[in-house]
Amino acid sequence: MPVESGSSAAARQAKQKRKSHSLSIRRTNSTEQERSGLQRDMLDGQDSKLPLSLRSNLLDLFSQIEREFENLYIENLELRREIETLNDRLAAEGQTFEGADLAKGALKTKASHSTSQLSQKLKTTYKASTSKIVSSFKATTSRAVCQLVKEYVGHRDGIWDLSVTRTQPVVLGTASADHSAMLWSIETGKCLLKYMGHQGSVNSIKFHPTEQMALTASGDQTAHIWRYMVQLPTPQPVADISQTPCEDDVDFSDKDEADVEVEGPNDCPSVRMATTTLRSHQGVVIAADWLVGGKQVVTASWDRAANLYEVETSELVHSLTGHDQELTHCCTHPTQRLVVTSSRDTTFRLWDFRDPSIHSVNVFQGHTDTVTSAVFTVGDNVVSGSDDRTVKVWDLKNMRSPIATIRTDSAVNRISVSVNQKIIALPHDNRQVRLFDMSGVRLARLPRSNRQGHRRMVCCSAWCEDNTSCNLFTCGFDRQAIGWNINIPALLQEK
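Everything numeric in this text was worked out from a predicted model, so none of it was measured.

## Notes on the pattern of salt bridges
Counted under the stated rule, the structure contains seven salt bridges. The salt bridge involving Lys206 is made with Asp161; its shortest N-O contact spans 3.5 Å. Linking Lys206 in strand S6 (residues 202-207) with Asp161 in strand S2 (residues 159-164), this pair joins segments that are 45 residues apart in sequence. Accessibility expressed as a relative area gives 19% for Lys206, which makes it buried. Judged by its relative accessible area of 1%, Asp161 is buried. Note that Lys397 is salt-bridged to Asp380, the shortest N-O span being 3.8 Å. Separated by 17 residues along the polypeptide, Lys397 in the loop between strand S22 (390-395) and strand S23 (404-407) and Asp380 in the loop between strand S20 (371-376) and strand S21 (381-386) bring together distant segments of the chain.

Set out below in structure tokens:
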């Protein structure tokens, strides 16, 4: 029997492989043809408005996509088998040389370290992703009650600022773009006095800490100090306009209602002469405030400077320069000779006048847009608000970075902080007013609907710590100020 040579055997095996490969290709092609034919038959049976040529092209594209996925799936299976083989081989080597391979111990340590890092990242991500949800649950555990008590109507233009007196009798003051400032009875909503000494928009109003004097800043490039004497009317029973849980997510109306023409109070006495006029600025005076003790005042202007004056002599003591753009606000510390100024240059500056021989300044760059206001708290904190839709809480002892950041959905205007409850009131461009605690937890949102709340941008908020029917006031460009009674349960504040 003849013996087949090795070369002829190898040639025959190669020929058989090519034959089987060609058979598999023909089988695959025939399968694809059958599949495409079947799909075309199915498409022909379907009701479609696409042209047949376009449907055929789509079918071919989908077939190519399917083949790509099949190839990827096969490669994935092969890689898995290789990984399993390698794992089995490593496991066998580990059993044979257990404890003899030092590199494996280092590898195990490294793997353990990376595992712990991954676990820590997962924990951090979980906490970060659930913090907002937890905050929302905290804010609704025991609901805050916000009652609209009184509306103060009488200005003929938007109200920029408001403030509450720190002496008896306790009255509300408003500063308006209609060139006037008004004093109101908190309980009755009646206008008690109207100051008409400015020739431009009245941009801010602040009251002397111990005397019946008011400080107003104006677009006429001056600040006025004027005395007032008012007598409170007999309070009438307050009607319960609305007692509604503070809304967090519901806004009944986002439509702008038409402004109502309001006649000014005819029987309201007026004052037209200032006791002291402060003239040094070359631009709009946007804000002013009393230093502790009431013997000096500070003014902030669009001329990029803040000025410090002696009240008795009207003498300019210091001109505080350094901001690169217009100033937007200024505020003084209630118990120390500290001033904070805000600017459109995205910074706010802390000026220290506690040492009479020298004053120091610190610049803080925590925002990305105009800083609309920065205010002191009774403690050692500064709270800043900005057009970048954030509010930041700072510690005076370490102001390198904020201790809390509040992110909102609208630009923030002139904020205020409650002395007793340490609650921050945030007035927004989108007509909302939100309440937060000092740690940045949302407490409530004041209700706003067709029947109550502001219809335009809310410009300012101010707290009243005296025993009055209202403990929070807001004003806006809808020409009205609103007095609210805010009841925050202790459960919400014990975070």
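## Quick look at the state of the cysteines
Among covalent bonds in proteins, the disulfide is the one between the sulfur atoms of two cysteines. One pass over the full model with this rule turns up one disulfide. Here Cys191 engages in a disulfide with Cys268; their sulfurs sit 2.4 Å apart. Taking the sign of the S-S torsion, about -45 degrees here, the bridge from Cys191 to Cys268 comes out left-handed. Here Cys268 lies in the loop between strand S9 (242-245) and strand S10 (270-271) and Cys191 lies in strand S5 (residues 191-195), a separation of 77 residues in the sequence. The pair Cys191 / Cys268 is uniform in exposure class, with both members buried. Cys460 takes part in no disulfide bond, and the closest cysteine sulfur, belonging to Cys475, lies 4.9 Å away. With a relative accessible area of 0%, Cys475 lands in the buried category.

## Comments concerning the layout of surface pockets
Of the voids in this model, the largest pocket is the one considered here, and its volume is about 930 Å³. In terms of lining, the largest pocket is formed by 38 residues, of which the most central are Arg166, Lys206, Val417, Val419 and Trp463. If you list the elements that add at least two residues to the lining of the largest pocket, you get S2, S6, strand S12 (285-290), strand S16 (327-332), S20, strand S24 (416-417) and strand S28 (458-463). Residues that form the lining of the largest pocket fall into these classes: 20 nonpolar, 11 polar and seven charged.

Calculation rules
Residues numbered from 1 in each chain as written. Predicted model: local features only at pLDDT ≥ 70, side-chain atom pairs only at ≥ 80, totals over all residues. Heavy atoms only, no water. Salt bridge = Lys/Arg side-chain N within 4 Å of Asp/Glu carboxyl O. Helix = DSSP H or I, 4+ residues; strand = E, 2+ residues; numbered from the N terminus. Buried < 20%, exposed > 50% of the residue type's maximum accessible area, 1.4 Å probe, protein only. Disulfide = S-S within 2.5 Å. 1 Å grid on protein atoms, 1.4 Å probe; cavity = no way out; pocket = protein on both sides within 12 Å on 5 of 7 lines; lining within 4 Å. Points joined across faces, edges and corners; volume = space filled by probe spheres on them. Nonpolar A, V, L, I, M, F, W, Y, C, P; charged D, E, K, R; others polar.

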